[in-house]
Amino acid sequence: MTNLRPMKIAGIGYCVPKTVITNDDLKKLYETSDEWIYTRTGIKERRVVSGNETAIDLGLEAAQKALNKSGFEPKDIDCIISAASVPPQLYPTLSCTLQDKLGIPGQVPAFDLTAACTGLIYALQVARGFIGAGIYKTILIVASDNNSKITDWTDRGTSILFGDGAGAMIVTESDDGIDDVLSINISADGSIGQMIQTNMPGQCCPLVEPADEIGTGKIIMNGKDVYKFAVTTVPAYVEECISKSGMTSEEIDYLIPHQANQRIIEAIQNRLKYSDDKVISNIKYYGNTSAASIPIALVEGVEQGKIKLGSTAVLCGFGAGMTWGAAVVRLREGIC
Ligand code: UT7
């Protein structure tokens, strides 16, 4: 870590669709109740795209806001990483489409990485490697997710959880020698990957033996196993990341976790012995927006006065793969 060039987080933005679906609205789809959903998850409502709106629109707005805050122009960006698990098209990738729409120069590399709800932390680690090694100087990270498009809206075990949204970050080589990433860890375990699956539709060539099953393209999840995985793996992992940062958990100002389930957030909070004012949770209003959930919670936390900038935070994510990750970061004044 120490021989990498220092990286600065220069700007962050987010965007959520306007359409709100409440727990009561879901009663039109299947038998459920606001009470059941809220007590088990902490969710009251979520935002979803409608009509022709896609992750491109959400990602574009989030990226423009992050650029504005950072003070950089599209011409200054020399790499784009999109952490979108549900882009509207497999190709052109979301990052390539955003390059065009934002007016970022044509020769700049743009690629998507898939790490589901851990996408933002994975992208941050990749960007850190590029900037740290001096390969690229200023990188746009976009985490824009459209879970509502791959949600099975007849499955009350999964469709209560997810929502749509986007977050974006501009990271750049630090001009004052201060590194805004104090520690970062990413991990994966494919042997438990079946806990959350989206099996793509698609058939074999008609001239060969057909496949036994054709994927539905919808999310299939074993909620109980995911829950157990999250509460047993993530809190200790976050603690480990904090100790790697050289700070103690008391010294860190905020916990900004992936918003998957309020009870999972509380398990991490309890492990760190944090009071409620140190923990940022907005799951009540947005549900699980996948890779976008951390930047949405961060910027909204600042807008609502829950987070004061000029502080430090521990971020953590987990999701399909299974993947998980954590980072201790500095939140400078003016980044959002
Ligand atoms: O980024 C990672 C994303 N994923 C997660 O974080 C998921 C983590 N897991 C969870 O949050 C929880 O497992 C859920 C909230 C998804 C489900 O809670 P649960 O306590 O594990 O419920 P369950 O699926 O075991 O279902 C318990 C009962 C069942 O009825 P029976 O079989 O006991 O009669 C379900 O049919 O609750 C029923 N049920 C519902 N009832 C009302 C399931 N979904 C609903 C619903 N409304 N929406």
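So, how was this worked out
- Residues numbered from 1 in each chain as written.
- Predicted model: local features only at pLDDT ≥ 70, side-chain atom pairs only at ≥ 80, totals over all residues.
- Heavy atoms only, no water.
- Helix = DSSP H or I, 4+ residues; strand = E, 2+ residues; numbered from the N terminus.
- Buried < 20%, exposed > 50% of the residue type's maximum accessible area, 1.4 Å probe, protein only.
- Contact = heavy atoms within 4.5 Å.
- Axes fitted to C-alpha atoms, helices over the stretch in contact; angles between N-to-C directions.
- Left-handed = near helix turned anticlockwise from the far one by under 90°.
- Nonpolar A, V, L, I, M, F, W, Y, C, P; charged D, E, K, R; others polar.
- Pairing = 2+ DSSP bridges.

Let's talk about the environment of Pro 109
Positionally, Pro 109 belongs in the loop between α4 (94-102) and β5 (110-112). Residue classification places Pro 109 among the partly exposed positions, given a relative accessible area of 28%. When near neighbours in sequence (up to four residues on either side) are disregarded, Pro 109 contacts Asp 78, Cys 79, Ile 80 and Tyr 136.

Points about the packing of helix α6 (residues 223-245) against helix α7 (residues 262-272)
Axis separation between α6 and α7 bottoms out at 9 Å; the angle between their running directions is 35°. Where α6 crosses over α7, the two elements pack in a sense that is right-handed. Together, Tyr 227, Ala 230, Val 231, Val 234, Pro 235, Ala 236, Val 238, Glu 239 and Ile 242 of α6 and Arg 263, Ile 264, Ala 267, Ile 268, Arg 271 and Leu 272 of α7 make up the contact between the two elements. Among the residues forming the contact of α6 with α7, the class breakdown is twelve nonpolar, no polar and three charged.

So, the sheet that holds strand β8 (residues 181-188)
Read from one edge to the other, the open sheet built from four strands follows the order β8-β13-β12-β11, with strand pairing classed as mixed. Both outer strands of the open sheet, β8 and β11 (254-257), are each paired with one neighbouring strand and no more. Each neighbouring strand pair of the sheet contributes to a mean axis angle of 15°, computed without reference to strand direction. In this structure, strand β12 (residues 311-319) lies alongside strand β13 (residues 323-331), joined through nine bridges in antiparallel fashion. Within β13, the residue paired with Ser 311 across the bridge is Leu 331. In the packing of helix α5 (residues 119-132) onto the sheet, contacts are made with β8, β12 and β13, and the angle to β8 comes to roughly 120°.

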